[in-house]
Amino acid sequence: MLSTMQEAAPLISQLIEHAALNHADTEIVSRTVEGGLHRYHYRDACRRSKQLANALRHLQVKTGDRVATLAWNGYRHYELYFAVSGMGAIVHTLNPRLFPEQLTWIINHAHDSVLFFDSTFAPLVEKLAPSLPSVKLYVAMTDKAHLPPVKLPNLLCYEDLLEAERDDYVWPRFPDTTPSSLCYTSGTTGDPKGVLYTHRSTIYHCYAAIAPEALNISVTSTVLPVVPMFHVNAWAVPYLASAAGAKLVFPGAALDGASVYDLTEREGVTISLGVPTIWLGLLAHMEKHGLKFSTLKETVVGGAACPASIIEKFLTNYGVETVHAWGMTETSPIGTISRLKAKHASLSKAEQLAIRAKQGRPVFGIELKIIDDAGNPLPRDGKAFGDLMVRGPWVVERYYGEEKSALVDGWFHTGDVATIDPDGYMQITDRSKDVIKSGGEWISSIELENIAVSHPAVAEAAVIGVAHPKWDERPLLLVVLKKDATATKQEILSTYEGKIAKWMLPDDVVFVAELPHTATGKLQKRTLRESWARHYLR
Ligand code: AMP
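Each value, and the rule that gives it
Residues numbered from 1 in each chain as written. Predicted model: local features only at pLDDT ≥ 70, side-chain atom pairs only at ≥ 80, totals over all residues. Heavy atoms only, no water. Pairing = 2+ DSSP bridges. Helix = DSSP H or I, 4+ residues; strand = E, 2+ residues; numbered from the N terminus. Axes fitted to C-alpha atoms, helices over the stretch in contact; angles between N-to-C directions. Contact = heavy atoms within 4.5 Å. Polar contact = N/O pair within 3.5 Å; in protein donor to acceptor, adjacent residues only side chain to side chain. Near = heavy atom within 4 Å. Areas by Shrake-Rupley, 256 points an atom, 1.4 Å probe, with all protein chains shown as cover. Phe/Tyr/Trp six-rings, centres within 6.5 Å; stacked < 30°, edge-to-face > 60°. Buried < 20%, exposed > 50% of the residue type's maximum accessible area, 1.4 Å probe, protein only. Lys NZ or Arg CZ within 6 Å of the ring centre and 35° of its normal. Arc of directions from axis to C-beta. Left-handed = near helix turned anticlockwise from the far one by under 90°. Nonpolar A, V, L, I, M, F, W, Y, C, P; charged D, E, K, R; others polar.

The next thing to look at is the sheet that holds strand β4 (residues 90–93). Pairing within the open sheet is mixed, and its 7 strands lie in the order β7-β6-β5-β3-β4-β8-β9. Every other strand in the sheet has two partners, leaving β7 (155–157) and β9 (194–198) as the edge strands with one partner each. Averaged over neighbouring strand pairs, the angle between their axes works out to 25° when direction is ignored. As judged from the 4 bridges shared by strand β3 (residues 66–70) and β4, these two strands associate in the parallel manner. Opposite R66, over in β4, you have I90 as the bridge partner. Together, β3, β4 and β8 (179–184) form the strand contacts of helix α4 (residues 100–110), whose direction differs from that of β8 by roughly 155°.

Have a look at this one:
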């Protein structure tokens, strides 16, 4: 039977059209790499995206072509998101923190044909260019006055390109299953893998992620995505803000505590998003200078486990609610969000904190389950932990360039180990490869790390499983102390008293100057395990 409804399938271009029509004078503010703040409005962003789409058309960019970016969060990067996807091509955001060899591998694997870059990355691009046969054009994302002095074949200037074009581009219509953007996972094991999003997956994700129950971005929000646009599309914030008509504030390359605080206050930011290390930097800056927030209401923390101490500090000292979220490149990325239910209002602060510290409940559209080694589903009792499986309309089915499905019985195997409680809250105990297996029992490295960082002298902590003659593996705690802070092993270990079973206590504490991180800011535990492999065998 025929339905009576329109077959409307929104495309990414409609997001910016919507913003330009209905929120024409809402601001987009960017800290630029050239220096200073740039301000304009959704109407200008849409007009310039159309000029850019016209330019790409004249440069022979076709449907399905991969257009790469090496850029910070800023208005030109925003325009690329809409111009490239809007015309039917694929915007491929590259993570500049990867090693040059990894970047070369990824660009060649994706077969990118054009590379847009911020001037900051000019020396990097110059170094990569000789090994990038597929890249036919390079575009410096700046104006003529700031063109970096680089030697690149076919180098173009972004502002010159736009200046030469009209803004009368008509966004093409095509099936919403058309690919729109490409992100590679950071590849801590093996080669990086590409996730190719579609207009449909992006729009579905946008509807779910924007809701009050999820990221809560609305027309009254001023949003600061500290999470980079090269890390799962800044958690989709450019799309969500455009759909909501929210004011957007892009931090550029300045992600330190002082700069993030300055921008938050200056622009009246109400919600900001980023990985835990960003907030640790911000909190340290605020404590040192005795600062307060005047407009910030929420910070969304994800990408790595958010220690309860961050959540507590934001709430108690600054009145800011921390919303813990979990996701992956493979889930676009929003999977779960930790917001309290109405029935939790009467709980004590400590009980509420324990819920907020969980990774949260799935947003509608995402389904989760945990399974044991034999693939059997485990109970949702908040205690049993197993491999976390996910499925939904914005979850990967196969990796870019691979024919084989990445699914097991229709579910994506996340590689995370988690519990799910009867209220639907999921809590990650570990990456499966990071779980510490002591005498047949599993110990959560994340739990031990979170407790360690609640000690006032600890800046960062990593707990790894290290080979042990009697117990197979025992936890080893590696600690970076805050600048000028001191603490003894015993003082650090006393933090665990009453919080965990005695047998879970790390057998040793080692103070280190720094810990290694991946290009997306996660602890590089494999490197640590290799370096400390013989610690308990000596
Ligand atoms: P990526 O694809 O780089 O975003 O990495 C995804 C992985 O980051 C997940 O599979 C988790 O292991 C980790 N992750 C993301 N969010 C969280 C979180 N809130 N708590 C713990 N781990 C997280």
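Checked against the element boundaries, H535 lands in the segment after α16 (525–531). Within polar-contact distance, the side chain of H535 engages the side chain of D508 at 2.7 Å.

It is worth spelling out the site of the ligand at this point. Taken together, 15 residues sit near the ligand, with A325, T329, Q359, D416 and R431 positioned nearest. With respect to the ligand, the backbone of A325 contributes an N or O atom lying 2.7 Å from a nitrogen atom. The side chain of R431 places a nitrogen or oxygen atom 2.8 Å from an oxygen atom of the ligand. Contact with the protein chains covers 93% of the free accessible surface of the ligand, which is 500 Å².

The next subject is the packing of aromatic side chains. Across all of its chains, the model carries 17 aromatic pairs by this definition. Ring centres 5.6 Å apart and planes at 35° place the aromatic pair Y81 and Y239 in the tilted group. With a gap of 158 residues between them, Y81 in helix α3 (residues 75–86) and Y239 in helix α9 (residues 237–244) connect regions that are remote in the sequence. Summarising the burial analysis for this pair, Y81 and Y239 share the class buried. Three or more aromatic residues joined by ring pairs make a cluster, and in this case those are Y42, Y78, Y81, F82, Y239 and F250. We note K437 situated over the ring of W442; from NZ or CZ to the ring centre the distance is 5.4 Å.

Glancing now at the sheet that holds strand β12 (residues 271–274). The sheet built from 9 strands is open, its strands ordered β2-β1-β11-β10-β12-β13-β14-β15-β16 with mixed pairing. If you trace the sheet from one side to the other, it starts and ends with β2 (37–41) and β16 (361–362), each paired once. Where strand β14 (residues 321–327) and strand β15 (residues 334–338) come together, 4 bridges link them in antiparallel fashion. Within β15, the position partnered with G327 by the bridge is I334. In the packing of α3 onto the sheet, the strands contacted are β1 (27–31), β2 and β11 (247–250), and the crossing angle to β2 comes to about 40°.

Every buried residue belonging to α4 is among L103, T104, I106, I107 and A110, and all of these are buried. All buried residues of α4 lie within an arc of 165° about the axis, which places them on one face of the element. The first or second residue beyond α4 is H111, which carries a positive phi of 60°.

Examined against the element boundaries, C157 turns out to sit in strand β7. Leaving out residues up to four positions away in the same chain, C157 has contacts with V139, A140, T142, D143, K144 and L147.

Moving on, we come to the packing of helix α11 (residues 276–289) against helix α12 (residues 308–318). Angle between the axes and distance between the axes: these two values describe a pair of packed helices. Relative to each other, α11 and α12 sit at 35°, their axes nearing to 11 Å. Between α11 and α12 lies a crossing whose hand is left-handed. Judged by residue contacts, P276, W279, L280, L282, L283, M286 and E287 of α11 engage I310, K313, F314 and Y318 from α12. Of the residues in the contact of α11 with α12, the class split is 9 nonpolar, no polar and 2 charged.

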